[in-house]
Amino acid sequence: MGVINVLDKHIAELIAAGEVVERPSSVIKELVENSIDAGAKNITVEIKNGGTTFMRVADDGCGIYRDDIKKAFLRHATSKVKTANDLDMISTLGFRGEALASISAVSRLQVITKNENEEIGSCYEIEGGDEISLEEAGCPTGTTFVIRDLFYNIPARSKFLKKDVAEGNAVSALMDKIVLSHPEVAFTFIRDGKQVLRTFGDGKLLSAIYSVFGKDFAKGLIPVDYTLDSVTVKGYISKPINSRPNRNMQNFFINGRFVKTRTGMAALEEAYKGSIMVGKFPSAVLQLTVPYEIIDVNVHPAKIEVRFINERPVFDAIYHAVKTALQQGDERKQVHFKENTAFNEIKKVNPFNNAQAVFAKAENTPAEKPIKPIERIEPVLKNSEPKPYNPFDELDLKDEKTKPVSIDNLKMSDSSNPFDIYSKQAIKRNAELENKKSEFSKQKLEKAEQLILKATQQEESLPKQEITVDDLTAESTETPIETEVSKEEVKPLKEISENNTDNNDALTELPKE
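Residues numbered from 1 in each chain as written. Predicted model: local features only at pLDDT ≥ 70, side-chain atom pairs only at ≥ 80, totals over all residues. Heavy atoms only, no water.

K.L.:
How should the overall build of the chain be read in this particular structure?
P.N.:
Scanning the chain for helices and strands turns up 13 helices and 15 strands. Evaluated residue by residue, the chain yields a buried proportion of 30% over its 513 residues. Considering only contacts within the chain whose residues lie at least 6 apart along the sequence, 64% involve residues at least 24 apart. Of the roughly 36,200 Å² of accessible surface on the chain, 52% is carried by carbon and sulfur atoms. (Helix = DSSP H or I, 4+ residues; strand = E, 2+ residues; numbered from the N terminus. Buried < 20%, exposed > 50% of the residue type's maximum accessible area, 1.4 Å probe, protein only. Contact = heavy atoms within 4.5 Å. Areas by Shrake-Rupley, 256 points an atom, 1.4 Å probe, with all protein chains shown as cover.)

K.L.:
Explanation requested: the pattern of salt bridges in the structure shown.
P.N.:
Once the charged atoms of two side chains with opposite charge are near each other, the side chains can pair. Under the counting rule described, the total for this entry stands at 9 salt bridges. A salt bridge links Glu127 to Arg108, with the nearest nitrogen and oxygen atoms 3.7 Å apart. With Glu127 in strand S4 (residues 121–127) and Arg108 in strand S3 (residues 108–114), this residue pair connects regions lying 19 residues apart in the sequence. We classify Glu127 as partly exposed; its relative accessible area is 32%. Between Lys273 and Glu270 there is a salt bridge whose closest N-O contact spans 3.5 Å. Among the ionic contacts, a cluster of salt bridges with common partners joins Arg108, Glu127 and Asp149. (Salt bridge = Lys/Arg side-chain N within 4 Å of Asp/Glu carboxyl O.)

K.L.:
How do you make sense of the nonpolar core when you look at a structure like this?
P.N.:
Grouped together as the largest cluster of nonpolar side chains are 49 residues, with contacts concentrated most on Ile28, Val32, Ile43, Phe73 and Phe187. Examining the composition of this core, we find that 6 residues originate from one element, helix H6 (residues 164–181), more than from any other. In this structure Ile43 touches Val32, Ser35, Ile36, Val57, Ala58, Asp59, Val185, Ala186, Phe187 and Thr188, once residues within four positions along its chain are discounted. Counting residues in hydrophobic clusters, the runner-up holds 30 residues, among them Ala284, Val314, Phe315 and Ala317. (Core = buried A, V, L, I, M, F, W, Y, C linked by side-chain atoms within 4.5 Å.)

K.L.:
Can you walk me through the sheet that holds strand S10 (residues 231–238) in this structure?
P.N.:
Pairing between sheet strands relies on hydrogen bonds along the backbone, with the strands arranged either parallel or antiparallel. The sheet built from 5 strands is open, its strands ordered S9-S10-S13-S11-S12 with mixed pairing. Each of the sheet's edge strands pairs with one partner strand only, and the pair in question is strand S9 (221–228) and strand S12 (257–259). Taking the axes of each pair of neighbouring strands and ignoring which way they run, one obtains an average angle of 20° across the sheet. Across 3 bridges, the pairing between strand S11 (residues 250–254) and S12 is antiparallel. Looking at the pairing, Phe252 lines up with Val259 of S12. (Pairing = 2+ DSSP bridges. Axes fitted to C-alpha atoms, helices over the stretch in contact; angles between N-to-C directions.)

K.L.:
It is not clear to me how the environment of Ile47 should be interpreted in this structure. Could you clarify?
P.N.:
By the element assignment, Ile47 lies in strand S1 (residues 42–48). For Ile47, a relative accessible area of 1% puts it in the buried group. Remark: the alpha-carbon pair of Ile47 and Gly193, spanning 146 residues in sequence, is separated by 8.2 Å. Dropping the residues within four chain positions of it, Ile47 is found in contact with Ile28, Phe54, Met55, Gly168, Val171, Phe189, Ile190, Arg191 and Asp192.

K.L.:
Even after reading the chapter, I still don't get the pairing of S1, so can you show me in this structure?
P.N.:
In summary, the side chains of a regular strand alternate between the two faces of the sheet. The pairing of S1 with strand S7 (residues 186–191) spans 6 bridges and is classified as parallel. Residue pairing for S7: Glu46 is matched across the bridge by Ile190. Pairing of S1 with strand S2 (residues 54–59) involves 6 bridges; the strand directions are antiparallel. Across the sheet, residue Glu46 finds its bridge partner in S2, namely Arg56.

K.L.:
Please explain the sheet that holds strand S5 (residues 130–137) as it appears in this structure.
P.N.:
Spatial strand order, S5-S4-S3-S6-S2-S1-S7-S8: 8 strands in an open sheet with mixed pairing. The open sheet is flanked by S5 and strand S8 (194–198), the only strands paired with a single partner. Pairwise comparison of adjacent strand axes, ignoring direction, gives a mean angle of 10° for this sheet. Contacts between helix H2 (residues 24–37) and the sheet are confined to S1, S2, strand S6 (142–148) and S7, with S2 contributing the most and set at about 10° to the helix.

K.L.:
Explain the state of the cysteines here, please?
P.N.:
In protein chemistry, a disulfide is the covalent bond that joins the sulfur atoms of two cysteines. Tallying each qualifying case throughout the model produces 0 disulfides. There is no disulfide at Cys139, and the cysteine sulfur nearest it, in Cys123, is 8.7 Å away. (Disulfide = S-S within 2.5 Å.)

K.L.:
Would you mind showing me how to read the pairing of S9 here?
P.N.:
With 8 bridges joining them, S9 and S10 adopt antiparallel strand pairing. In the sheet register, Thr227 faces S10, and the bridge partner there is Thr232.

K.L.:
I'm lost on the packing of H6 against helix H7 (residues 205–213) in this one. Help?
P.N.:
When two helices pack together, you describe them by how their axes are tilted relative to each other and by the distance separating the axes. At a minimum axis distance of 9 Å, the contact between H6 and H7 shows a crossing angle of 165°. What the angle tells us is that H6 and H7 run roughly antiparallel. As for the relative orientation of H6 and H7, their crossing is right-handed in sense. Residue-level contacts link Asp176, Val179 and Leu180 of H6 to Leu205, Ala208, Ile209, Val212 and Phe213 of H7. Grouping the amino acids of the contact of H6 with H7 by side-chain chemistry returns 7 nonpolar, no polar and 1 charged. (Parallel < 35°, antiparallel > 145°, perpendicular 65-115°, else oblique. Left-handed = near helix turned anticlockwise from the far one by under 90°. Nonpolar A, V, L, I, M, F, W, Y, C, P; charged D, E, K, R; others polar.)

K.L.:
It is not clear to me how the environment of Pro223 should be interpreted in this structure. Could you clarify?
P.N.:
By the secondary structure assignment, Pro223 is in strand S9. Residue classification places Pro223 among the exposed positions, given a relative accessible area of 54%. In this structure, the C-alpha to C-alpha distance between Pro223 and Ala284, residues 61 residues apart in sequence, is 9.9 Å. Setting aside anything within four residues of it in sequence, one finds Pro223 in contact with Gly235, Tyr236 and Ala325.

Right, here's the structure in full:
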């Protein structure tokens, strides 16, 4: 086992910085939260190259005293927590006192600040955790942080950063959440020299939603305002017709802090059951106000997850708030009848209450007269008019033996079409025709065999003569000599035609001798 060593201060700060500072968006989050805690009403955020080379956060908050600037960059130095009991009632976004120390350990940082009670501001520079300078500077009340070259002294961490576009998008998504959580603050976001986001800070959540998500999204929202016990739910939810295929537009804020809560998502989707299609998800921007005693925000390094002492009150508050808003914001058309109409005068009647009167009336009612059947009148044709032809007049369906004509006899059979439906008579006639054809073919085959046998006998009666090789090679103009032919070598001279249309059974004539 190795020897236990106490790490150097610089190394310990680099290790601790890895827990707080993961990427440029982590730096922006910590600095903007500090500005909000300082009471700022206007905050400007600017980044270049995704924040890897330049980040600036300026606010008009209370500022930092000149004597407290160096203390602010020490680890676990904060103005928000003094005793252990303060951890049970955390009302600020930041409280650990690690952000500035971690950021300054992995970047080149410059802060320009002035407290509202001071006449001259201060400019403080620190690189890699080492102090560079502290000078007086003229500046307005507030604080401005400038961070350059993030992870310049940790090449291994800089390799894991994504492209500038991806890092810039992460900062932009973070600014959207912060803007929605604090509509009372006017935000300006500048990316690579272009202003991409600006809010007015009028305190209206709908204005912030309009600035972040646009006009179309803001139009399809239903307001929510509900209080259950000690939990208050305010914000907006989307109409059922504007549901989305994912949960990316579900935003929950607890005491001004953006959080990811499964309890809130489950309550929201449960309230929408029966109102949207399966596989679709609602959108929401809900701000929850809960007592600080029932919530613990010190459970995640980035403080995006919280823990409740009892989740049931939070679930019920969100569920009933959304359900009530959906019922009030339902725009489906309803039918309203005027007063004193037949529809309004309908009363609930029990038919069994009048059963005795109905039966008594039935006994006193005289018997009804039978209804005469309507006689069918056949049309009478004049003598001059011929009777129309009816093909079914010739059919006698009662007796099959005496019927002169049958429609079945007119049917034709077609064996090449297996899906045709034949009557019994057509199938029977087809079978008889096939039998006649087979008998005729047998007769023709017998005659053909007799003729072949006769021709074979005539071949055997012809004289035979042997020939030699000399006779074959000699050129002779004489009549060719008959050769010896065996019975097996006799071949039919011509084929017999079985399908003779003229019913001629004679074979082709044999050659004369």
